[in-house]
Amino acid sequence: MSAPVSAIRDPLIEGGKTYHDITEDICSPTEKTPNLAWIIAFIISASALAFYVFCVAWTVWQGIGSWNLNRTINWGWDITNFVWWVGIGHAGTLISAILLLFRQKWRTGVNRAAEAMTIFAVMCAGQFPLIHMGRLWLAFFIFPYPNTRGPLWVNFNSPLLWDVFAISTYFTVSLLFWYTGLVPDLATVRDRARGLRKKIYNFVSFGWTGAAKHWQRWESLSLVLAGLATPLVLSVHTIVSFDFATSVIPGWHTTIFPPYFVAGAIFSGFAMVQTLMVITRKVLNLQEYITLEHIESMNKVILLTGTMVGVAYLTELFIAWYSGYIYEQFAFYNRVLGPYYWSYIGMMSCNVLSPQIFWFRKMRRSIFVTFIMSIFVNIGMWFERFVIISSTLARDYLPTSWSYYTPTWVEIGLFIGTLGLFFTLYLVFTRLAPVVAVAEVKSILKTAGDQYVGNGAQAQAGTVEQKEVH
Amino acid sequence: MQKEVLYGLYDDEEVLLKAISRARESHMNIMDVFTPFPVHGLEHAMGLSESRLHISGFVYGAIGALTAFLFMTWVFTRDWPIIFGGKPYWSVPAFIPITFEVTVLFAAVGMVVTFYTICGMWPGVKPAVLDERITDDKFCLAFDATHSTEEERSAMEGFLSSSGASEVHTKNV
């Protein structure tokens, strides 16, 4: 075809697939009855989700007093979880948007599932600020609507309100981007289905036919949405970091926060993608589409962003010392050696030290190491947010109000519950839609399929490679 | 209105691209081309004009930027001025994040709605599917044969099979 074929790159699609094989392999899991592993996983996730509903009801009924927050430590697990989930929700759009702009072909194997994961993670993230408000039923107060109180408008100068706009825009744009990419594949599922199933997929695929003009517009739309989503994804965690950086709390009031939060978000997002992909490719038998090549690429991103986060941690310490400002110095002394020293150790070891293992190619290509590392990074990034939030607030300006915070069962339940929400949605998604972008994988088959490129390429590969670029 | 469509199914996109060029050279009127994935070079082969969708995106984005910025300006300078942290009423730098987010929101939502509208796609639309394998692995080149004579019809059929189509069919849609 028209794109140049590299002889150096390893293939991204293995098994000598034809177009029909791709359709068959990726769509058929949605047409079969779920296996036992799926059912067990679903029962566990749905139970966690049910417990989440219970914990929310408990919080609303009893009030925020059912949490261990107090006047000093007014942000605890709730905002830690919020920032953690938002961070996880960054990888999907990064993979689908930034890698699209950079023309990275390996994105096609993982973008669909990663975008779905993004949407579910942002849904989980959105829960916490809402519940944290206490009076959940008045949550609409955060929107600037003409109300009967004046109208009294919201404070457009507040980073917390910027967050409202950032998160809701990010959710909407990610959803539209994901769904528009999904429409052609839903049409593929529709054309394989019969009866009621066909009617349902006909409804959700919006009458897609695959006409040339539609594809042209679809590609144009994808490209512009990617162009919009790229600064958007960087803005979202920047704005989340403003929640802290614009305050006057030592340890929070730092200009390094935006880039440091964005790097951390990509880091944790990729870790969650790895956790899910390692399981998904095995359970749905998609090893030929989500190859070791994909996993290695993502591990490289994890190594890079993990190291960036490490540099940010060390820079913070250096600047605290160099500033000569005793409150800043104390804040960081307290982070490392204060009452929450254990979470600092957890953060440093999981986020900075352990990813260094990925300097070794053998480790990057090991499924077992990848899975364990992805869990480590998820834990480490949770600790990072906990370190920033709780250890800082526990030792504020006034020693008489110093305190120590441990969560109640309700707060722990809310966190476990959002994990339930996340995995329930993901499991349902794997049953309803193709988890790999069928059309996009087909479009790279001739430039990345193993019968055309790499060591195992057959004789016909020669003819493909000689095709000129136009 | 019902149309009678004469179409050929190809197994490979490169054969299809060559067939399209040949059809255009011999001035045959291609009704449409259907493919399972975005085929690189298809719009050039068919001579499609560039999509103007991105222009609409710019317009929606500009509307979003103005809406957000002017609204915040109106609220904080005219409707209900409040001093926050000793800053001026019209504190422009603080308006930037929301202006940016609303710009992106308007551009994205507007473009997606425009895309589905101009493509005539919406939940519940009944698609004119010529062949169910087009979304799988077949590449379809379609001619409108509603008003064609027998002679023209056999010319189309002849063209399709000689240009490498593995199947040739007629269908009313």
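Worth saying up front: this structure is predicted, and the values here are computed from it rather than measured.

Participant: I'd love a proper account of the overall build of chain B, names of residues and values included.
Facilitator: Counting its regular elements, chain B contains five helices and four strands. Starting at the N terminus, the α and β elements of chain B follow one another as β-α-β-α-α-α-β-α-β. Computed over C-alpha atoms, the radius of gyration of chain B comes to 25 Å, more than 25% over the 16 Å expected from 2.2 N^0.38 for 173 residues, which places it beyond the range of a compact globule. Here the C-alpha coordinates of chain B stretch approximately 80 × 30 × 30 Å along the principal axes. For chain B, the residues scored as buried account for 45% of the 173 residues in total. Within chain B, contacts between residues separated by at least 24 positions form 76% of all contacts whose residues are at least 6 apart in sequence. Carbon together with sulfur atoms contributes 61% to the accessible area of chain B, which is approximately 8700 Å² in total.

Participant: Hey, could you go over the overall build of chain A for me, with residue numbers and the actual values?
Facilitator: Secondary structure summary: chain A contains 17 helices and zero strands in total. For 470 residues, the compact-globule estimate of 2.2 N^0.38 gives 23 Å, and chain A sits close to it at 24 Å. Here chain A holds 470 residues, and the buried ones make up 59% of them. For chain A, the share of sequence-separated contacts (at least 6 apart) that also reach a separation of at least 24 residues comes to 81%. By element, 70% of the accessible surface of chain A is carried by carbon and sulfur atoms, the whole surface being about 18800 Å². Distance between charge centres in chain A, computed from 32 positive and 25 negative side chains, equals 5 Å.

Participant: Go over the nonpolar core with me, naming the residues and quoting the values.
Facilitator: Membership of the largest hydrophobic core comes to 180 residues, with the highest contact counts inside it found for Trp85(A), Phe244(A), Phe270(A) and Leu141(B). Summarising the domain contributions, this core has at least three residues from each of domain 1 (4-49 + 132-172) and domain 2 (53-119) of chain B. Among all residues touching Trp85(A), those that are not within four sequence positions of it are Ala121(A), Cys124(A), Ala125(A), Phe128(A), Met272(A), Thr418(A), Leu419(A) and Phe422(A). By size, the runner-up hydrophobic cluster in this structure holds nine residues, among which are Tyr7(B), Leu130(B), Ile134(B) and Ala142(B).

Participant: Lay out the domain arrangement of chain B with the relevant residues and their values.
Facilitator: Splitting chain B by domain gives domain 1 (4-49 + 132-172) and domain 2 (53-119). Computed over C-alpha atoms, the centres of domain 1 of chain B and domain 2 of chain B are 45 Å apart.

Participant: Requested: an account of helix 5 (residues 150-162) of chain B, with residues and values cited.
Facilitator: Residues and elements named next belong to chain B. The end-to-end C-alpha distance of helix 5, which contains 13 residues, comes to 18 Å, matching closely the 18 Å that a straight helix rising 1.5 Å per residue would cover. Listing the buried residues of helix 5 in full gives Arg153, Met156, Phe159 and Leu160. Taken end-on, helix 5 shows its buried residues confined to a sector of 125 degrees, consistent with a single buried face. Relative to its buried face, helix 5 has exposed residues pointing more than 90 degrees away, namely Glu150 and Glu151.

Participant: Go over the environment of Val112(B), please, and point to the residues and values.
Facilitator: In this structure, Val112(B) sits in helix 4 (residues 92-118). A relative accessible area of 5% means that Val112(B) is categorised as buried. Remark: the alpha-carbon pair of Val112(B) and Phe139(B), spanning 27 residues in sequence, is separated by 26 Å. Excluding residues that lie within four positions of it along the chain, Val112(B) makes contacts with Leu176(A), Thr180(A), Leu221(A) and Leu225(A).

Participant: Hey, could you go over a nonpolar patch on the surface for me, with residue numbers and the actual values?
Facilitator: The grouping of Val248(A), Tyr325(A), Ile326(A), Tyr327(A), Tyr397(A) and Leu398(A) at the surface amounts to a nonpolar patch, some 660 Å² of accessible area in total. Classification of Ile326(A) by relative accessible area gives exposed; the value is 56%.

Participant: Can you lay out the sheet that holds strand 2 (residues 30-34) of chain B for me, pointing to particular residues and giving the numbers?
Facilitator: All names here are of chain B. Sheet architecture is open: four strands sit in the order 2-3-1-4, paired in antiparallel fashion. Strands with a single pairing partner mark the edges of an open sheet, and in this sheet they are strand 2 and strand 4 (167-172). Ignoring strand direction, the axes of neighbouring strands in this sheet form an average angle of 25 degrees. Of the strand pairs in this sheet, strand 1 (residues 4-10) and strand 3 (residues 139-144) are connected by six bridges, and their pairing is antiparallel. Within the sheet, the bridge partner assigned to Val5 lies in strand 3 and is Asp144.

Participant: Tell me what's going on with the interface of chain A and chain B, and back it up with residues and numbers.
Facilitator: Contact residues are listed per partner, giving 62 residues for chain A and 63 residues for chain B. Buried area between chain A and chain B, both sides added, is near 5700 Å², and the carbon and sulfur share of it is 68%. On inspection of chain A and its partner chain B, the count reaches five salt bridges. Across the pair Lys446(A) and Glu13(B) runs a salt bridge, and its minimum N-O distance is 3.7 Å. For the pair chain A and chain B, the interface holds 24 residue pairs in polar contact (both at pLDDT 80 or more).

Participant: Outline the packing of helix 2 (residues 36-62) of chain A against helix 15 (residues 409-432) of chain A, listing residues and values.
Facilitator: Residue and element names in this part refer to chain A. The geometry of helix 2 relative to helix 15 is characterised by a closest axis approach of 7 Å and an angle of 140 degrees between their N-to-C directions. As far as their axial angle goes, helix 15 and helix 2 are oblique. The hand of the helix 2/helix 15 crossing is left-handed. Split into classes, the residues belonging to the contact of helix 2 with helix 15 amount to 20 nonpolar, eight polar and one charged.

Participant: Can you break down helix 5 (residues 107-132) of chain A residue by residue, with the values?
Facilitator: All names here are of chain A. With 26 residues, helix 5 ought to run about 38 Å at 1.5 Å a step, and its terminal C-alpha atoms sit 36 Å apart, in line with that. The sharpest bend along helix 5 reaches about 25 degrees and sits at Ala113. Burial within helix 5 is extensive, with 20 of its 26 residues counted as buried. Positive phi shows up at Gly134, right after helix 5, with a value of about 90 degrees.

Participant: Quick rundown of the confidence of the model for chain B? Include the residues and the values.
Facilitator: Looking at chain B as a whole, the pLDDT averages 89, with 99% of positions reaching at least 70. Reported confidence for the predicted complex is 0.93 by ipTM and 0.91 by pTM.

Participant: Describe the state of the cysteines, and please don't skip the residues or the numbers.
Facilitator: All names here are of chain A. One pass over the structure, following the stated rule, counts zero disulfides over all chains. Distance from the sulfur of Cys124, which forms no disulfide, to the nearest cysteine sulfur (Cys55) is 14 Å. Under the relative-accessibility criterion, Cys124 is labelled buried at 0%.

Participant: Report on unusual backbone geometry, specifying residues and quantitative values.
Facilitator: All names here are of chain A. The residue after Gly150, namely Pro151, is reached through a cis peptide bond having omega 0 degrees. Among the secondary structure elements, Pro151 is positioned in the loop between helix 5 and helix 6 (159-192). Look at Arg103: it is not a glycine, yet its phi comes out positive at around 55 degrees. For Arg103, the position within the fold is in the loop between helix 4 (91-101) and helix 5. Its identity as a non-glycine residue notwithstanding, Phe206 has a phi of 60 degrees, on the positive side. As for its placement among the helices and strands, Phe206 is situated in the loop between helix 7 (195-204) and helix 8 (212-245).

Participant: Explain the pattern of salt bridges to me, and be specific about the residues and the numbers.
Facilitator: All names here are of chain A. By the definition in use, this model includes 22 salt bridges over all chains. The shortest N-O distance in the salt bridge between Arg335 and Glu316 comes to 3.6 Å. Here Arg335 is found in helix 11 (residues 326-337), whereas its partner Glu316 is found in helix 10 (residues 292-323), with 19 residues between them in sequence. Grouping residues by exposure puts Arg335 and Glu316 together as buried. Taken together, the shared-partner salt bridges in this structure form one network comprising Glu293, Glu296, Arg361, Arg364 and Arg365.

Cut-offs and rules
- Residues numbered from 1 in each chain as written.
- Chains lettered and ligands numbered in written order.
- Predicted model: local features only at pLDDT ≥ 70, side-chain atom pairs only at ≥ 80, totals over all residues.
- Heavy atoms only, no water.
- Helix = DSSP H or I, 4+ residues; strand = E, 2+ residues; numbered from the N terminus.
- Rg over C-alpha atoms; globule rule 2.2 N^0.38 Å.
- Buried < 20%, exposed > 50% of the residue type's maximum accessible area, 1.4 Å probe, protein only.
- Contact = heavy atoms within 4.5 Å.
- Areas by Shrake-Rupley, 256 points an atom, 1.4 Å probe, with all protein chains shown as cover.
- Lys, Arg positive; Asp, Glu negative; His and termini not counted.
- Charge placed at Lys NZ, Arg CZ, Asp CG, Glu CD.
- Core = buried A, V, L, I, M, F, W, Y, C linked by side-chain atoms within 4.5 Å.
- Domains from an automatic or database assignment.
- Expected span 1.5 Å × (residues − 1).
- Arc of directions from axis to C-beta.
- Patch = residues over 30% accessible without salt bridge, like charges linked within 9 Å, V, L, I, M, F, W, Y side chains within 5 Å.
- Salt bridge = Lys/Arg side-chain N within 4 Å of Asp/Glu carboxyl O.
- Pairing = 2+ DSSP bridges.
- Axes fitted to C-alpha atoms, helices over the stretch in contact; angles between N-to-C directions.
- Buried area = accessible area lost by both parts, 1.4 Å probe.
- Polar contact = N/O pair within 3.5 Å; in protein donor to acceptor, adjacent residues only side chain to side chain.
- Parallel < 35°, antiparallel > 145°, perpendicular 65-115°, else oblique.
- Left-handed = near helix turned anticlockwise from the far one by under 90°.
- Nonpolar A, V, L, I, M, F, W, Y, C, P; charged D, E, K, R; others polar.
- Bend = angle between axes of the 7 residues up to and from the residue.
- pLDDT = per-residue confidence, 0-100.
- Disulfide = S-S within 2.5 Å.

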